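# Analysis of the macromolecular model
Listed below, chain by chain, are the residues.
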Amino acid sequence: MSTPPTSAPRLARRGLAWPRPRLGRLRLTPGGSIGLTIITLIVLAGACAPLVAPHGPVDQDLLRRLQPPAWAGGTASFPLGTDPLGRDMASRLLYGARISLAIGVSTVLIAGTVGLVFGLVAGYRGGWLESLIMRLADIQLSIPFLIVAIALVSVFGAGLAKMVLVLVLFGWVEYCRIIHAEVLSYREREFVDAARAMGCSNARILYLHILPNVVSSIIVVATLQVGRMILAEASLSFLGLGIQPPQPAWGTMVADGRDLLASAWWISTLPGLAILLTVLGINCFGDWLRDVLDPTLRTT
Amino acid sequence: MTHYVARRLAHAILTVLAVSLLVFGLLQMSGDPATAMLPMEATAADVAKLRADLGLNRPIAEQYVLFLSRAVRGDFGFSYRHRQGAMSIVIERIPATLELAGAALAVSLALAIPMGMLGAWKRGSWIDQAAMMVAVTGQSMPTFWMGLMLILIAAVTLRWLPASGGGDVRALILPAVTLGANMAGITARLLRSSLLEVLSKDYVRVARAKGLVERTVLWHHALRNAALPVVTMVGLQIAYLLAGAIIVETVFAYPGMGLLVIQAITAHDFPVVQAFVLVFTLMVVLVNLAVDLLYTRLDPRIAY
Amino acid sequence: MSCRVRRSWLVVVFPLLVVALVGSPFSPAPAAVPRTDPNARLVVAQASDVTTLDPNADTVVGNHNVIDNMFDSLLDRSRDGKFVPSLALSWRYLDSTNLKFFLRANVKFHDGNPFTAADVKFTLDRILGDKQLASKMAGNMATIKQVVANDDRTVTITTSVPDPELLQRLTEVPIVSKAAVEKMGLEAFARNPVGTGPFRFVDWRKDQYVTMERFDGYWRGTTGVKTLVWRPIPEPSTQVSELQTGGIDIAYQNITVDQIPQIQRSGNRVIGIPSARLLYGVFNMAKKPFDDKRVRQAVTYAIDVNSIIRNLLNGHAYRINEPVDSQTFGYDPTVTPYPYDPARAKQLLAEAGYPNGFQTGCEARVAFKDVIQVVAQQLAQVGVKCNIVVDETTVHLRKVTDKTMEPFFLWTWANSEYDADSVLYHMMRTGQLYSMTSLPALDALVDRGHVSVDAAERLRLYHQAMQVVKDEAPVVSLYQTESLYGLRPGVNWQPRPDERADFMRATKEPAK
């Protein structure tokens, strides 16, 4: 989860106002359209799961265990086959989309909020608080996310809430750095003093001058981070430290099929493919978003 | 220059200390390690005896100081599971993980450099688009799944390579490819954009104006300068590589540091976990330092 | 040739031909093609690597599978459960706390030193008292007060209280060479073990293999194969693929029921024997609502064990009616199991005040994550909603010893001593480290059985205890698991019912 440092403190580009939406200038590249399509499909799949899924996601049928997908010798009633407990793979994949998206989006929202607050505090207050927060951010880059995640979970137990906590613990840093850098560059400028002299409160400065410049970076970072969170959650669930059974988290489903690769390949292959497609879609879309909104964020 | 190095070292030590405190604190909260280490028929007396032996009855602050003083001397305690010193067993496993990381880095560069150069050279064409699509796909792939798929294809179906274990070069291939492919995606894209940026610079236009073939321009002039951010990226990715090795080693049962620490954490083998985290942090910190120094060699404009 | 010569040739040849044809049934059969290769190399894979080769260090099964092939203990258990002599020729109780062993003569260690009573005393002393070794076997030997080597061939063990399990425990203590340990020191001996067993140690490469070779001076005879190699392969699917390619000859227990068809399809064999490991559903009686007998009985009625065995495990498990299996001392053949009766379960729940069921945490360790999900589904049918938690083994064990375990969980107990005391006392007596049960009636019976040396009395007590357990339902006795072994064609080996890894008589046919 370590990320490259953002580029040197950015200077204000757009001046003092919120950017006007430039919808007329938006052109979808092939990458962007692929990404958007995939994301839409996945969101739809998750949203419509109760309507579209042929079975319940946790309905077992021990008499129909380990059935292959319909095209490989199975039946049409279980189009993508069944898992070791006779549960329908297609239904589980659809419901799993909900879980992945929910975790991805919620952790990003929470991490983003936390990171923004910390970054603001660090930038505005300065002093020892700033050093502490930024030092904490630096140190977190050296700690392997997975180790701490595993250690935390094996100490406090697995589960949704704890996993979200761990993911947030590692996600806030990016936002903090962005806004901290922005606040720093602003602290130096004269018009801030002028604005204050005129009676503008800090909150107003924040709203009018600081946030507009970071909002596009934040959007891009957040979008890309959703993909990384989904990958991280899948890794933890794969190791058995994330979502607990019988919930159909994609990572857990891949782990279920690990011993059966040679005889029931679909159990591990299909959920992994789902993860790949989802994250691919998010990355493509996020890249396009970055090209449109904020090219100076490019490091790749 | 030495001032900079000293400052970075101090920063590194601070990081390592903070991490050690974190790990120590975490493990203290995990309940009673003594009962976890004893066999099924142990009595309460056995548990008490082991607690005393492990020093678990002393106040926390005293335990931490004790831990630090021993750590400085390289003594991380005795791993009951492995029946040897914790630090020694971590050190035993370092070469295997370094081999894996090195092989993965090689795979990653071998994949990324051609892809990135191709993308920059044929910018905008379908080759570029295809290469970048491959790159972003590699970046989006869950490592554990890719490992399993490689096992399925190469080991189970085709029977070319062993599905797990360590010891010889053949066992290294699949894990290295898994780990390297993921990193290759990011590196390829970075190299491409970095090359593009450099190619638009003035000195490149001069080189072209002089009549040099595009390939020469690319290789001799652009690449060296484009390498700079890539080197930084690679350096930072080492931390990612070492962390990713944990998952890959688990999937392939590759006997390196990563597998060791996973087993140690789930078995509550605290000495090994502490030794590992400290070694790992040290490695990452040193690599970052090395990258920064390398940076100064590559770009004479930067001086500390 | 001229006619005359040809005819004389026939005269000579013809009788010989007749004799050859007629005489052949009476001539000795030609030498049989050897069915086993005495110089064979047998590769066995198990899930984990050894963590030490010192046999007295701990009771970890993964270690002993490997180590026990290089050592002997004083006595052994035959395949039908009787104690048989090993390093000890005979033994006699002098009184209820003194046990005397008469040792076998002319036994040599792998390094040539003779085996004497001093080695027995040294072994037991180091288990009990060596601080550096910190043996985890010490708990098992805790009743031993003193060991005296009366002479080279006699040893007397004195216990502090009468201990009916002592003989069984001693079958699990490999005897080490005092001279070797003292010469090499603890750490070196843990890497270069010296014992009296059928194989002697050759090499240990961590996480790769442990190699051992036939010991030519072994007192019991000669081994079937020349070289025995143990390889640690954690992943079941990898073990199966190595079995298929011939990388290993035997997959030792680390295969799953679902892999059996695949293994058999490729020409290999699977042997399944009832394991010593029994699976239970345990109630934490300290937590509501499982302090109420009716709720416990309701849950027992709601679980369809036969369906689990038949459909989930493809028949590879054995139903048990009570907490011990039929081979164990204390088993009561008159106890019948609870039938699967969800209607009765709902009725009992209503009587207990839960007409709409209730929610509870349900836990299992990773190996049983499928079973707990099936059980949860079955319990949901009667209104008991399970919040499933799956834990790593160590966390699972810790939760039980810390008493932080969920109110209902799946628990295995390895009943390798074949005595009901093990389960009833250590797993179900109030206050024991691994017990979540609290039944005073059971405690009274089990306490007396724990210290008595009168077999008839103990049997009576345990039969009563089984009835108490049936009525009170503190645990749901689910099934006896099956140990699975995968073998390549041409490998001849039979696993032991007590799951001790004994490869002395394993043989392998020569490669075709």
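Residues numbered from 1 in each chain as written. Chains lettered and ligands numbered in written order. Predicted model: local features only at pLDDT ≥ 70, side-chain atom pairs only at ≥ 80, totals over all residues. Heavy atoms only, no water.

## Comments concerning the nonpolar core
Burial of nonpolar side chains together is a common tendency in soluble globular proteins. Counting residues in hydrophobic clusters, the biggest one holds 130 residues, and the most contacted among them are Phe145(A), Phe144(B) and Phe276(B). It is helix α7 (residues 202-238) of chain A that contributes the most residues to this core, 13 residues altogether. Contact partners of Phe276(B), with chain neighbours within four places excluded, come to Ile147(A), Val90(B), Ile246(B), Met257(B) and Val261(B). Counting residues in each nonpolar core, the second largest holds 59 residues, with Ala117(C), Leu167(C), Ala180(C) and Tyr252(C) among its members. (Core = buried A, V, L, I, M, F, W, Y, C linked by side-chain atoms within 4.5 Å. Buried < 20%, exposed > 50% of the residue type's maximum accessible area, 1.4 Å probe, protein only. Helix = DSSP H or I, 4+ residues; strand = E, 2+ residues; numbered from the N terminus. Contact = heavy atoms within 4.5 Å.)

## Observations regarding the pattern of salt bridges
Residues and elements named next belong to chain B. The full count for this structure, using the stated rule, is 29 salt bridges over all chains. Salt-bridge contacts for Asp128 lead to Arg192; the nearest nitrogen and oxygen are separated by 2.8 Å. Remark: Arg192 occurs in helix α8 (residues 169-199) and Asp128 occurs in helix α6 (residues 126-140); sequence separation between them is 64 residues. Per residue, the accessibility class of Asp128 equals that of Arg192, and both read buried. (Salt bridge = Lys/Arg side-chain N within 4 Å of Asp/Glu carboxyl O.)

## Structural notes on the pairing of strand β15 (residues 384-391) of chain C
All names here are of chain C. With eight bridges joining them, strand β14 (residues 358-365) and β15 adopt parallel strand pairing. Within β15, the residue paired with Cys362 across the bridge is Ile388. Each parallel crossover has a hand, and for β14 linked through helix α12 (residues 369-380) to β15 it is right-handed. (Pairing = 2+ DSSP bridges. Right-handed = clockwise from strand over helix to strand, strands pointing away.)

## Concerning the pairing of strand β1 (residues 41-46) of chain C
Across a regular strand the side chains alternate sides, sitting on one face of the sheet and then on the other. Residue and element names in this part refer to chain C. Burial within β1 is extensive, with five of its six residues counted as buried. Judged from the two bridges that link them, β1 and strand β11 (residues 250-252) form a sheet pairing that is parallel. Looking at the pairing, Ala45 lines up with Ala251 of β11.

## Considering the packing of aromatic side chains
Residue and element names in this part refer to chain C. Here the structure, examined in full by the defined rule, presents 25 aromatic pairs over all chains. Between Trp230 and Phe503, the aromatic rings sit 5.5 Å apart at their centres with planes inclined by 90°, giving edge-to-face as the arrangement. One end of the pair, Trp230, is in strand β10 (residues 227-232); the other, Phe503, is in the loop between β18 (491-492) and β19 (507-508), with 273 residues separating them in the sequence. An identical accessibility class is assigned to Trp230 and Phe503; each is buried. Taking the centre distance of 6.1 Å and the plane angle of 50° together, the rings of Tyr252 and Phe503 count as tilted. With Tyr252 in strand β11 and Phe503 in the loop between β18 and β19, this residue pair connects regions lying 251 residues apart in the sequence. (Phe/Tyr/Trp six-rings, centres within 6.5 Å; stacked < 30°, edge-to-face > 60°.)

## Re the interface of chain A and chain B
When the parts of a complex come together, some accessible area is lost, and that lost area is often used as the size of the interface. Facing 46 residues of chain A, the contacting portion of chain B comprises 48 residues. Together, the buried faces of chain A and chain B total about 3,900 Å²; carbon and sulfur atoms form 79% of this surface. At the surface where chain A touches chain B, the tally comes to one salt bridge. Residue Arg189(B) is joined to Asp287(A) by a salt bridge in which the shortest nitrogen-to-oxygen separation is 2.0 Å. The tally of links from chain A across to chain B stands at five residue pairs in polar contact (both at pLDDT 80 or more). Counting residues per element, the ones that place at least two in the side of chain A that touches chain B are α1 (30-52), α3 (127-142), α4 (145-156), α7, α8 (250-256) and α9 (266-293) of chain A. (Buried area = accessible area lost by both parts, 1.4 Å probe. Polar contact = N/O pair within 3.5 Å; in protein donor to acceptor, adjacent residues only side chain to side chain.)

## What to know about the packing of helix α5 (residues 86-121) of chain B against α6(B)
Residues and elements named next belong to chain B. At a closest axis distance of 8 Å, the pairing of α5 and α6 adopts a crossing angle of 145°. The two elements α5 and α6 meet at a crossing, and its hand is left-handed. Across the interface between the two elements, Met115, Leu118 and Gly119 of α5 pack against Ile127, Asp128, Ala131, Met132, Val134 and Ala135 of α6. (Axes fitted to C-alpha atoms, helices over the stretch in contact; angles between N-to-C directions. Left-handed = near helix turned anticlockwise from the far one by under 90°.)

## Observations concerning the confidence of the model for chain C
Residues and elements named next belong to chain C. Averaged over all residues, the pLDDT of chain C equals 88, while 93% of them reach at least 70. Predicted confidence is poor over residues 19-28, with pLDDT under 50, and the contacts of this stretch with residues over four places away or in other chains come to two contacts. Predicted complex metrics record ipTM = 0.82 and pTM = 0.82. (pLDDT = per-residue confidence, 0-100.)

## Section: a nonpolar patch on the surface
Judged by side-chain polarity, Val105(A), Leu109(A) and Ile110(A) come together as a nonpolar surface patch covering roughly 260 Å² of accessible area. Inspection of the secondary structure assignment puts Leu109(A) in helix α2 (residues 89-125). (Patch = residues over 30% accessible without salt bridge, like charges linked within 9 Å, V, L, I, M, F, W, Y side chains within 5 Å. Areas by Shrake-Rupley, 256 points an atom, 1.4 Å probe, with all protein chains shown as cover.)

## Digging into the side chain of Thr156(C)
All names here are of chain C. With respect to the element layout, Thr156 can be found in strand β7 (residues 154-159). Residue Thr156 is classed as buried on the basis of its relative accessible area of 9%. Here the side chain of Thr156 touches Asn150 through a polar contact of 2.6 Å, side chain to side chain.

## Details of the environment of Arg93(B)
Structurally, Arg93(B) can be placed in helix α5. Arg93(B) gets classed as buried once you look at its relative accessible area, which sits at 6%. For Arg93(B) and Ala239(B), which are 146 residues apart along the polypeptide, the C-alpha to C-alpha distance reads 17 Å. When near neighbours in sequence (up to four residues on either side) are disregarded, Arg93(B) contacts Pro255(B), Gly256(B), Met257(B), Leu260(B), Gln263(B) and Asp207(C).

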